[in-house]
Amino acid sequence: MTANELRQKYLDFFKTKEHAIIPSSPIVPENDPTALFINSGMHPLVPYLMGEKHPKGTRLANSQKCIRTIDIEEVGDTTHHTFFEMLGNWSLGDYFKKEAIRWSYEFLTSPDWLGLDPNRIAVSVFKGDEDAPFDQEAFDTWLKLGIPEARIAKLGKEENWWGPAGKTGPCGPDSEMFYWVGDPDKVPESFNDDNDLWVEIWNDVFMEYNKKDDGSFEKLSQQNVDTGMGLIRVLASINGLDDNYESELFKPIIEEIEELTNKKYSEEENKRPMRIIADHANACLLYTSD
Ligand code: SER
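(A) How the structure looks around the pattern of salt bridges. Counted under the stated rule, the structure contains 15 salt bridges. A salt bridge links R59 to D94; the shortest N-O distance between them is 3.2 Å. One end of the pair, R59, is in strand 2 (residues 59–67); the other, D94, is in the loop between strand 3 (83–91) and helix 3 (97–109), with 35 residues separating them in the sequence. Judged by relative accessible area, D94 falls into the partly exposed class, the value being 30%. Note that K157 is salt-bridged to D131, the shortest N-O span being 2.5 Å. With a gap of 26 residues between them, K157 in helix 5 (residues 157–160) and D131 in the loop between strand 4 (121–126) and helix 4 (136–144) connect regions that are remote in the sequence. Overlapping salt bridges, with partners in common, bring together E18, R59 and D94 in one network.

(B) A look at the site of the ligand. Surveying the vicinity of the ligand reveals the residues S40, M42, R68, M86, W162, N203, V205, D226, T227 and G228. Within the side chain of D226, a nitrogen or oxygen atom sits 2.6 Å from an oxygen atom of the ligand. Between T227 and the ligand, the recorded distance is 3.2 Å, taken from a backbone N or O atom to an oxygen atom. Relative to its unbound accessible surface of 230 Å², the ligand loses 97% to contact with the protein.

(C) Region of interest: the packing of aromatic side chains. Applying the stated rule across the entire model yields 20 aromatic pairs. Where W161 meets F217, the ring centres are 5.3 Å apart and the plane angle is 75 degrees; that geometry is what we call edge-to-face. Linking W161 in strand 6 (residues 161–162) with F217 in strand 9 (residues 217–230), this pair joins segments that are 56 residues apart in sequence. Residue W161 is classed as buried on the basis of its relative accessible area, which comes to 9%. Between W180 and W198, the ring centres sit 5.3 Å apart and the planes meet at 65 degrees, which makes this aromatic pair edge-to-face. Of this pair, W180 sits in strand 7 (residues 169–180) while W198 is found in strand 8 (residues 198–211), placing the two residues 18 residues apart along the sequence. In this pair, the class of W180 matches that of W198, namely buried. By way of ring pairs, the aromatic residues Y10, F13, F14, F107, W113 and W202 are connected into one cluster. A cation over a ring is seen here: K154 above F139, with NZ or CZ 4.8 Å from the ring centre. Above the ring of W161, the side-chain terminus of K157 is found at 4.9 Å from the ring centroid.

(D) Expanded view of the side chain of T109. Relative to the helices and strands, T109 resides in helix 3. In this structure the side chain of T109 is engaged in a polar contact, spanning 2.7 Å, whose partner is the backbone oxygen of Y105.

(E) Quick look at unusual backbone geometry. Backbone torsion omega between G163 and P164 reads 0 degrees, so that peptide bond is classified as cis. Within the fold, P164 resides in the loop between strand 6 and strand 7. Backbone geometry places E18, a non-glycine residue, at a positive phi of 60 degrees. Position of E18 relative to the elements: it lies in the loop between helix 1 (3–16) and strand 1 (20–21). Looking at E18, the relative accessible area reads 64%, which means it is exposed. The phi dihedral of N262 falls on the positive side, at around 60 degrees, and the residue is not glycine. Looking at where N262 falls in the secondary structure, it is placed in the loop between helix 7 (251–261) and helix 8 (268–288).

(F) Quick peek at the environment of L60. Inspection of the secondary structure assignment puts L60 in strand 2. The exposure class assigned to L60 is buried, which follows from its relative accessible area of 0%. Measuring from C-alpha to C-alpha, the distance between L60 and I21 comes to 5.8 Å, with 39 residues separating the pair along the chain. Residues contacting L60, with those up to four places away along its chain left out, are H19, A20, I22, L45, H54, G88, N89, W90 and L92.

Cut-offs used in this document
Residues numbered from 1 in each chain as written. Predicted model: local features only at pLDDT ≥ 70, side-chain atom pairs only at ≥ 80, totals over all residues. Heavy atoms only, no water. Salt bridge = Lys/Arg side-chain N within 4 Å of Asp/Glu carboxyl O. Helix = DSSP H or I, 4+ residues; strand = E, 2+ residues; numbered from the N terminus. Buried < 20%, exposed > 50% of the residue type's maximum accessible area, 1.4 Å probe, protein only. Near = heavy atom within 4 Å. Polar contact = N/O pair within 3.5 Å; in protein donor to acceptor, adjacent residues only side chain to side chain. Areas by Shrake-Rupley, 256 points an atom, 1.4 Å probe, with all protein chains shown as cover. Phe/Tyr/Trp six-rings, centres within 6.5 Å; stacked < 30°, edge-to-face > 60°. Lys NZ or Arg CZ within 6 Å of the ring centre and 35° of its normal. Contact = heavy atoms within 4.5 Å.

Encoded structure:
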């Protein structure tokens, strides 16, 4: 599958669930003085997550260009990037956890859509803390869909809470989906988020909190869904690649670096530096093309 096909399939799927398709916003925030770049699909939609009416309604889907520097030290591995395209579907006070999770699972596993092997999927949910309770509803929904309990991790804020995009604003517990990119005959019985062969491909965030200036959380006036699926990670996974840099979007850049440096990407010691150069070149190029 190509990147264009994957993007189109995603948007078509959410059209069947009555979502309006909206364009990517510019990568420099128009209304957020606390951030230099748009770092997620939800970032340009903050006013609507806070309750303002969106002209296209309460169900939206898009592909948003993002620059995320918070993970910059991870760039150099096989799956992190500073610049990426994030596929997202949005409920602005419309549907909530059950529908979001069911639709994510349908898109990933239905033969009409991506047709991924359900046996290679694991998920995580928020385990609860002093700010918000354990996400029982997300946990139960995954169990009902047939994900075995050993493949549903309960994790804390660091892993299973998303936002706000800047210092304050909408945020909430999330549920992440992982795909096993290792040997399909050796999928571990249980999920372990330290194993890099479980690649995070999608994140459903249940945005019902607002983080305030003093660091406390209050309930928003509406319950929203923010989802984020990294186009390139999913593309690599469904094409059977365990390295994003071998996918259609990065291969030509890596080949150019090989030519300029007269070194081979296949040699282990070159991989990390070449991925970093490729990532940064890609980010500069796409940033300036916006
Ligand atoms: N905001 C969440 C993320 O960026 C989901 O879109 O992962």
